[in-house]
Amino acid sequence: MVGIIKFFRDMDKLNQFVEGLFYCNTPEFYRLSESTGVSDLNESCVSAFRKSRGDDSCSLFIDGRELSSIESMTLQRGDHKDSWMHCWFALTVPDTDADLKELFDDINRIRIEFGCNYVFMESNNITEFVSRISTVTKTKLKYELVSYSKDSNDWNAICKSSKYSYQREYRFLVGECKHNDIQPIKLKYEQGFADLVYVNKKLELTENNNKQSLFYMDQHSCCLTS
């Protein structure tokens, strides 16, 4: 992994991040969202039922007895709970032309869904980034690449449905929240992150041997150049 990219539609929010705002949403925020790319009805869980969002009726049986009037139900793997989340796109160097085309397609889809402004952080700055955030919270942070699976039994905070694999997520997880919590947390590192990220700077992939440009991205476009 070369680094991670966070995309923004709103420059004010991008600037707030650079100035030190670490904003994290809950899984329930994503479960209830109707925005393309943001919405995941089963975020961080095997399955979720919410009567309020118009889900098909759900039945729960305990010892053969059906419980009626279920308003909400979240089924999770026993080893994972809900956490506040801060999500990025992981940038890796493609090995083949097909991988390069897939990267190009994925980034352009992300730009449509989340915005064309971005910050880029090199992989070797992630540890310092986490260290700074850790000074403004007593809660332990976890951070890693998200995996993707077609099997709902695999889904949790760090494994999502395969239909979201284009998002190539790298996640920062903070603490533990309730399954129905929709309140974000906002941590502020006063000195900011400006020295750790590049804002809307041109990113370019080139051949090692002849330095031929293969791909580039800036805030206006994302193009294959080979």
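Heads up: the structure comes first, above all this text.
All of these numbers come straight from a predicted model, not from anything done at the bench.

Cut-off values and rules
Residues numbered from 1 in each chain as written. Predicted model: local features only at pLDDT ≥ 70, side-chain atom pairs only at ≥ 80, totals over all residues. Heavy atoms only, no water. Phe/Tyr/Trp six-rings, centres within 6.5 Å; stacked < 30°, edge-to-face > 60°. Helix = DSSP H or I, 4+ residues; strand = E, 2+ residues; numbered from the N terminus. Buried < 20%, exposed > 50% of the residue type's maximum accessible area, 1.4 Å probe, protein only. Arc of directions from axis to C-beta. Pairing = 2+ DSSP bridges. Axes fitted to C-alpha atoms, helices over the stretch in contact; angles between N-to-C directions. Salt bridge = Lys/Arg side-chain N within 4 Å of Asp/Glu carboxyl O. Contact = heavy atoms within 4.5 Å. Core = buried A, V, L, I, M, F, W, Y, C linked by side-chain atoms within 4.5 Å.

K.L.:
What should I look at first to understand the packing of aromatic side chains in this one?
P.N.:
In this description, an aromatic ring pair is defined by two values, namely the gap between the centres and the angle between the planes. Summed over the entire model, instances satisfying the criterion amount to 16 aromatic pairs. On the numbers, 6.2 Å between centres and 85 degrees between planes, the contact of F7 with F89 is edge-to-face. With F7 in strand β1 (residues 3-8) and F89 in strand β7 (residues 84-91), this residue pair connects regions lying 82 residues apart in the sequence. Residue classification places F7 among the buried positions, given a relative accessible area of 10%. An angle of 20 degrees between the planes, with centres 6.1 Å apart, marks the rings of Y143 and F172 as stacked. With Y143 in strand β9 (residues 141-145) and F172 in strand β12 (residues 169-174), the pair connects residues that are 29 residues apart, well separated along the chain.

K.L.:
Is there a simple way to think about helix α4 (residues 126-134) in this case?
P.N.:
Considered for burial, the residues of α4 that qualify are I126, F129, V130, R132 and I133. For α4, the angular spread of the buried residues around the axis is 160 degrees, confining them to a single face.

K.L.:
Would you explain the sheet that holds strand β16 (residues 213-217) in this entry?
P.N.:
Across a sheet, paired strands are connected by hydrogen bonds in the backbone, their directions being either parallel or antiparallel. Spatially, β15-β16-β17 is the arrangement adopted by the 3 strands of the open sheet, whose pairing is antiparallel. Of all the strands in the sheet, just β15 (203-206) and β17 (222-224) have a single pairing partner and so form its edges. On average, adjacent strands in this sheet sit at an angle of 10 degrees to one another, irrespective of strand direction. Direction of pairing for β15 relative to β16: antiparallel, over a ladder of 4 bridges.

K.L.:
Help me understand the pattern of salt bridges in this model?
P.N.:
Pairs can form between side chains of opposite charge whenever their charged atoms are close. Under the counting rule described, the total for this entry stands at 12 salt bridges. With a closest N to O distance of 2.7 Å, R50 and E28 form a salt bridge. Within this pair, whereas R50 is found in strand β3 (residues 47-50), its partner E28 is found in helix α2 (residues 27-32), the two being separated by 22 residues in sequence. The exposure class assigned to R50 is buried, which follows from its relative accessible area of 3%. As a salt-bridge pair, K101 and D105 come within 2.8 Å of each other at their nearest N and O atoms. Of this pair, K101 and D105 are both found in helix α3 (residues 97-114), 4 residues apart, which corresponds to roughly one turn of the helix. Its relative accessible area of 39% is what places K101 among the partly exposed residues. Looking at D105, the relative accessible area reads 34%, which means it is partly exposed. Put simply, D40, E43, K160, E169 and R171 are held in one network by salt bridges that share partners.

K.L.:
Please explain the environment of F104 as it appears in this structure.
P.N.:
Tracing the chain through its elements places F104 in helix α3. Accessibility expressed as a relative area gives 18% for F104, which makes it buried. Separated by 113 residues in sequence, F104 and M217 have C-alpha atoms that sit 9.3 Å apart. Setting aside anything within four residues of it in sequence, one finds F104 in contact with F215, C222, C223 and L224.

K.L.:
Please clarify how the nonpolar core should be interpreted in this entry.
P.N.:
Nonpolar side chains in soluble globular proteins tend to end up buried together. F17, F22, W88, V119, F129 and F172 are the most contacted members of the largest nonpolar core, which has 26 residues in total. Broken down by secondary-structure element, the contributors of at least two residues to this core are β1, α1 (11-18), β2 (21-24), β7, β8 (117-122), α4 and β12. Per-element accounting of this core gives the leading share, 4 residues, to α4. Not counting residues within four places of it along the chain, the set of residues in contact with F22 comprises H86, F129, I133, L141, F172, V174, I185, K186 and L187. Formed by 18 residues, the second largest nonpolar core is a distinct cluster that contains L91, L100, L205 and L214.

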